[in-house]
Amino acid sequence: MTIDTNAIHRNYNEFPFIVIWEVTRACALKCLHCRAEAQYKSDPRQLSFEEGKQLIDQIAEMNNPLFVFTGGDPLMRPDLFQLAHYAIHEKNLAVSMTPSATPKVTKAAVEKAKHVGLSRWAFSLDGSNAEIHDYFRGTNGSFDRTMKGISYLKELNIPIQINTTVSNYNIDDLERISEVVKDMGAVLWSLFFLIPTGRAQQKDMLTPQQHEEVMKWLVEVQQKMPYHVKATEAPHYRRVFLQNKQSAASNRSGVRSETSAMEIQKSQKRTDLLGRAPKGVNDGDGFVFISHIGDVYPSGFLPVKCGNVREQSLLDIYQHSPVMKDLRNKTLLKGKCGLCEYKDICGGSRARAFAVHGDYLESDPSCDYTPAALT
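Where an unreviewed UniProt entry is consulted, the protein chain appears under the name TIGR04053 family radical SAM/SPASM domain-containing protein, with the organism given as Alkalihalobacterium chitinilyticum. Taken directly from UniProt, the Cofactor (unreviewed entry) text for the protein chain runs: "[4Fe-4S] cluster".

Shown next as structure tokens:
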């Protein structure tokens, strides 16, 4: 998936960098952590084909953000490829999707995705072997179907993205998963740091120390692996990445260098440290999520409704919802997030703050860093 030149200058107060549409809640899997608490059948209230086209029209008017079909399982929606064709060929959007590894992932389905021009197909892989992955996904055979689906993608030269939910279930398996991702030729490994919402439980979440250790390890993975690494609901990965960069520069020069507030601010104005978005993407800040029934949220992990596309335009909701505006205003952050010198490139996971504290402006409970103002 390429990034258009407009993205480099994108103002998140005006337009999001990425839009996620949950096209259906239907899914055949029973994942332990499922954000959507997906069901076996489609909700009769889900957006119709015509409503979906109208939504796509609105998304295209938001300076052509990256656009993802998610679920549930997108393949449970019969008109999925018609919607994808409309988005790609009529509205010139870069579209990817995240289907579940079920019997619906046939070679014919992958060929349709190729024909329609899907820019990327993302599969979830939560374990390096069937025992771990199938337990996490709540369905025997899910691992084997994932590998079969990936073989179709490789055969048809469709770029592969691997999504992994990081939790206590698989923290000790991450290194092995990273090697599997390499072997399958993926272009991106996207790690979702668990948020205790939907079916996910707070006990499954990593400790702050574990979060920090995993992120430091991910910096090493990013440097040595042929694929890119992305961390979702872990904006402090940017802080860890920047600290590593500063430390490496100090070691080369032989002079200890502390990251000043001015240097941090400059890094915020440059193209993203990690080479993708123009700056850090966070809940409601460069990111917007539309549910299967049209409800709009800052992200799929932050269940605070901001409006509905059946009643109001998506752009109006994104730009003017009080919740969205609060989330983009880093001066409103509380606790140590509010005092942190890295808040403009990080800001903490607002979804995790809400899930644990009931306040999306509170400190991210997964962060192990102590701001300079508190030392």
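So that's the structure; there's more coming.
Asks: What is the right way to read the packing of aromatic side chains from this model?
Replies: Here a ring pair, both rings aromatic, is described through the centre-centre distance and the interplanar angle of the planes. Under the criterion given, the structure shown has 11 aromatic pairs. Considering the side-chain rings of tryptophan 189 and tyrosine 227, the 6.3 Å spacing of their centres and the 90° angle between planes classify their relative orientation as edge-to-face. Taken together, the positions of tryptophan 189 in strand E6 (residues 188–193) and tyrosine 227 in the loop between helix H8 (208–224) and strand E7 (228–232) put the pair 38 residues apart, joining distant regions of the chain. Just as tryptophan 189 is buried, tyrosine 227 falls in that class too.

Asks: Got a minute to help me understand empty space enclosed by the protein in this structure?
Replies: Which parts of space are left empty comes out when a probe the size of a water molecule is rolled across the atoms. The tally for this structure, following the rule as stated, stands at 2 cavities of 30 Å³ or more. Of the volumes computed, that of the largest cavity is approximately 120 Å³. If you trace the largest cavity, you find 14 residues lining it, with Cys337, Cys340, Cys346, Gly348 and Cys367 closest to the centre. In terms of residue class, the lining of the largest cavity is built from 7 nonpolar, 3 polar and 4 charged.

Asks: What's the story with the packing of helix H5 (residues 130–137) against helix H6 (residues 142–155) in this structure? I'm lost.
Replies: The description of two packed helices rests on the angle between their axes and on the distance between the axes. It is at 8 Å that the axes of H5 and H6 come closest, and there the two elements cross at 105°. Relative to H6, the element H5 is oriented roughly perpendicular. Here Ala130, His133, Asp134 and Arg137 of H5 come into contact with H6, specifically with Ser142, Phe143 and Thr146. Taken together, the residues of the contact of H5 with H6 sort by class into 2 nonpolar, 3 polar and 2 charged.

Asks: Before we go on, may I ask you to explain the side chain of arginine 352 in this structure?
Replies: By the secondary structure assignment, arginine 352 is in helix H14 (residues 350–357). A polar contact is formed between the side chain of arginine 352 and the backbone oxygen of phenylalanine 193, at a distance of 3.0 Å. Excluding anything up to four places from it in sequence, arginine 352 contacts Phe193, Leu194, Ile195, Met205, His211, Glu233, His236, Asp364, Pro365 and Ser366.

Asks: Which parts of the structure should I look at to understand unusual backbone geometry?
Replies: Here glycine 71 and glycine 72 are connected by a cis peptide whose omega angle stands at 25°. Position of glycine 72 among the secondary structure elements: in the loop between strand E2 (66–70) and helix H3 (80–90). In this model, asparagine 63 sits at a positive phi of 65°, which is unusual for a non-glycine residue. Relative to the elements of secondary structure, asparagine 63 occurs in the loop between helix H2 (49–60) and E2. We classify asparagine 63 as partly exposed; its relative accessible area is 23%. Even without being glycine, asparagine 64 reaches a positive phi, approximately 45°. Considering the arrangement of structural elements, one finds asparagine 64 in the loop between H2 and E2.

Parameters and conventions
Residues numbered from 1 in each chain as written. Predicted model: local features only at pLDDT ≥ 70, side-chain atom pairs only at ≥ 80, totals over all residues. Heavy atoms only, no water. UniProt positions renumbered as here; feature names shortened; annotations may be inferred. Phe/Tyr/Trp six-rings, centres within 6.5 Å; stacked < 30°, edge-to-face > 60°. Helix = DSSP H or I, 4+ residues; strand = E, 2+ residues; numbered from the N terminus. Buried < 20%, exposed > 50% of the residue type's maximum accessible area, 1.4 Å probe, protein only. 1 Å grid on protein atoms, 1.4 Å probe; cavity = no way out; pocket = protein on both sides within 12 Å on 5 of 7 lines; lining within 4 Å. Points joined across faces, edges and corners; volume = space filled by probe spheres on them. Nonpolar A, V, L, I, M, F, W, Y, C, P; charged D, E, K, R; others polar. Axes fitted to C-alpha atoms, helices over the stretch in contact; angles between N-to-C directions. Parallel < 35°, antiparallel > 145°, perpendicular 65-115°, else oblique. Contact = heavy atoms within 4.5 Å. Polar contact = N/O pair within 3.5 Å; in protein donor to acceptor, adjacent residues only side chain to side chain.

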